[in-house]
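# A look at the structure
Take a look at the letters that make up each chain.
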Amino acid sequence: MKNARLTSITVENMKSFKEKTKIPFAPLTVIVGRNNSGKSTLIQSLLLLKQTLGDSRHDIPLKLEGMVEAFNLREITFGWPPAGAEVPGPILALGWTSQVNVEEAFTKAHWPDPANLAKLSGIEK
(Lines give C-alpha, C1' and ligand atoms only; values in the text may rest on other atoms or scores of the structure.)
Protein backbone atom coordinates (compact mmCIF):
# COMPACT_ATOMS: atom_id res chain seq x y z
CA MET A 1 0.00 0.00 0.00
CA LYS A 2 1.31 3.39 -0.94
CA ASN A 3 1.52 6.06 1.73
CA ALA A 4 -0.01 3.78 4.37
CA ARG A 5 -0.26 5.45 7.77
CA LEU A 6 -1.49 4.16 11.10
CA THR A 7 -4.18 6.57 12.34
CA SER A 8 -5.38 4.92 15.56
CA ILE A 9 -5.40 1.89 17.80
CA THR A 10 -8.30 0.72 19.91
CA VAL A 11 -7.55 -1.43 22.96
CA GLU A 12 -10.05 -3.18 25.21
CA ASN A 13 -9.67 -5.73 28.03
CA MET A 14 -5.87 -5.72 27.91
CA LYS A 15 -3.82 -5.13 31.05
CA SER A 16 -4.63 -1.57 32.21
CA PHE A 17 -7.31 -1.00 29.51
CA LYS A 18 -10.63 -2.40 30.74
CA GLU A 19 -12.96 -0.25 28.64
CA LYS A 20 -12.75 0.23 24.88
CA THR A 21 -10.19 3.02 24.41
CA LYS A 22 -9.31 4.56 21.06
CA ILE A 23 -5.96 6.34 20.80
CA PRO A 24 -5.59 8.51 17.68
CA PHE A 25 -2.17 8.90 16.05
CA ALA A 26 -0.91 11.99 14.25
CA PRO A 27 2.21 12.32 12.10
CA LEU A 28 4.04 12.90 15.40
CA THR A 29 2.61 11.18 18.48
CA VAL A 30 4.16 11.35 21.95
CA ILE A 31 2.93 8.97 24.63
CA VAL A 32 3.16 10.41 28.16
CA GLY A 33 1.42 9.59 31.41
CA ARG A 34 1.74 8.57 35.02
CA ASN A 35 3.00 5.16 36.10
CA ASN A 36 0.49 2.36 35.38
CA SER A 37 -1.51 4.55 33.00
CA GLY A 38 -1.11 2.19 30.02
CA LYS A 39 1.87 3.55 28.06
CA SER A 40 3.68 0.20 27.93
CA THR A 41 0.44 -1.69 27.29
CA LEU A 42 -0.18 0.49 24.24
CA ILE A 43 3.26 -0.36 22.84
CA GLN A 44 2.84 -4.04 23.76
CA SER A 45 -0.50 -4.18 21.95
CA LEU A 46 1.18 -2.95 18.74
CA LEU A 47 4.01 -5.46 19.19
CA LEU A 48 1.51 -8.25 19.89
CA LEU A 49 -0.30 -7.47 16.65
CA LYS A 50 3.01 -7.32 14.77
CA GLN A 51 4.20 -10.72 16.01
CA THR A 52 0.77 -12.27 15.39
CA LEU A 53 0.52 -10.95 11.82
CA GLY A 54 4.15 -11.92 11.16
CA ASP A 55 3.36 -15.59 11.83
CA SER A 56 -0.39 -15.76 11.34
CA ARG A 57 -2.12 -19.09 11.97
CA HIS A 58 -5.82 -19.82 11.73
CA ASP A 59 -5.77 -21.93 14.91
CA ILE A 60 -4.50 -19.21 17.29
CA PRO A 61 -5.99 -15.70 17.57
CA LEU A 62 -2.88 -14.11 19.14
CA LYS A 63 0.71 -15.29 19.09
CA LEU A 64 1.92 -15.00 22.67
CA GLU A 65 5.57 -15.76 21.92
CA GLY A 66 8.02 -13.16 20.65
CA MET A 67 8.66 -9.60 21.77
CA VAL A 68 5.54 -9.81 23.95
CA GLU A 69 5.74 -13.02 26.01
CA ALA A 70 2.80 -14.51 27.89
CA PHE A 71 2.04 -18.09 28.94
CA ASN A 72 -1.68 -17.55 28.30
CA LEU A 73 -4.33 -14.89 27.71
CA ARG A 74 -4.86 -14.55 31.46
CA GLU A 75 -1.52 -12.71 31.73
CA ILE A 76 -2.44 -9.97 29.28
CA THR A 77 -6.15 -9.63 30.12
CA PHE A 78 -7.47 -6.82 32.33
CA GLY A 79 -7.90 -7.79 35.99
CA TRP A 80 -6.14 -11.18 35.97
CA PRO A 81 -9.16 -13.50 35.71
CA PRO A 82 -9.18 -16.41 38.16
CA ALA A 83 -7.22 -19.52 37.16
CA GLY A 84 -9.38 -21.91 35.17
CA ALA A 85 -11.88 -19.20 34.25
CA GLU A 86 -12.82 -18.68 30.64
CA VAL A 87 -10.80 -15.71 29.42
CA PRO A 88 -12.25 -13.63 26.59
CA GLY A 89 -8.87 -12.03 25.93
CA PRO A 90 -8.08 -8.55 24.67
CA ILE A 91 -9.66 -6.81 21.70
CA LEU A 92 -7.33 -4.81 19.47
CA ALA A 93 -8.21 -2.81 16.36
CA LEU A 94 -6.16 -0.60 14.06
CA GLY A 95 -7.21 2.35 11.95
CA TRP A 96 -5.15 3.41 8.94
CA THR A 97 -5.22 5.35 5.72
CA SER A 98 -3.55 4.54 2.43
CA GLN A 99 -3.66 5.26 -1.24
CA VAL A 100 -4.70 2.33 -3.38
CA ASN A 101 -4.80 2.17 -7.16
CA VAL A 102 -7.96 0.07 -7.48
CA GLU A 103 -7.34 -0.92 -11.10
CA GLU A 104 -3.81 -2.07 -10.25
CA ALA A 105 -5.05 -4.02 -7.20
CA PHE A 106 -7.76 -5.75 -9.24
CA THR A 107 -5.23 -6.59 -11.97
CA LYS A 108 -2.96 -8.25 -9.40
CA ALA A 109 -5.97 -10.16 -8.06
CA HIS A 110 -6.86 -11.27 -11.61
CA TRP A 111 -10.07 -9.22 -11.56
CA PRO A 112 -12.16 -11.06 -8.96
CA ASP A 113 -15.92 -11.14 -9.29
CA PRO A 114 -17.15 -7.92 -7.56
CA ALA A 115 -20.37 -9.54 -6.25
CA ASN A 116 -18.47 -12.43 -4.68
CA LEU A 117 -15.81 -10.05 -3.33
CA ALA A 118 -18.50 -7.89 -1.71
CA LYS A 119 -20.24 -10.97 -0.28
CA LEU A 120 -17.06 -12.43 1.25
CA SER A 121 -15.68 -9.12 2.55
CA GLY A 122 -18.89 -7.94 4.16
CA ILE A 123 -18.61 -4.65 2.27
CA GLU A 124 -21.80 -3.55 0.59
CA LYS A 125 -21.78 -2.70 -3.11
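Scroll up for the structure.
Read on for an overview of the structure. These numbers were taken from a predicted model, which means no experiment stands behind them.

A tally of regular secondary structure across the protein gives 3 helices and 3 strands. Mapped in sequence order, the helices and strands of the protein form the string β-β-α-β-α-α. For 125 residues, the compact-globule estimate of 2.2 N^0.38 gives 14 Å, and the protein exceeds it by more than 25% at 18 Å. Seen through its C-alpha atoms, the protein measures out along the principal axes to roughly 50 × 35 × 25 Å. Across the 125 residues of the protein, 25% fall into the buried class. Long-range pairs, those at least 24 residues apart, make up 48% of the contacts in the protein between residues at least 6 apart in sequence. Accessible surface computed for the protein: about 9,500 Å², of which carbon and sulfur atoms make up 57%. Each charge class in the protein was averaged separately, 15 positive and 12 negative side chains, and the resulting centres sit 7 Å apart.

With that settled, consider the side chain of Ser 45. Following the sequence through the fold, Ser 45 ends up in helix H1 (residues 39–54). Setting aside chain neighbours within four positions, we find Ser 45 in contact with Ile 9, Val 11, Met 14 and Leu 92.

Rules behind the numbers
Residues numbered from 1 in each chain as written. Predicted model: local features only at pLDDT ≥ 70, side-chain atom pairs only at ≥ 80, totals over all residues. Heavy atoms only, no water. Helix = DSSP H or I, 4+ residues; strand = E, 2+ residues; numbered from the N terminus. Rg over C-alpha atoms; globule rule 2.2 N^0.38 Å. Buried < 20%, exposed > 50% of the residue type's maximum accessible area, 1.4 Å probe, protein only. Contact = heavy atoms within 4.5 Å. Areas by Shrake-Rupley, 256 points an atom, 1.4 Å probe, with all protein chains shown as cover. Lys, Arg positive; Asp, Glu negative; His and termini not counted. Charge placed at Lys NZ, Arg CZ, Asp CG, Glu CD.

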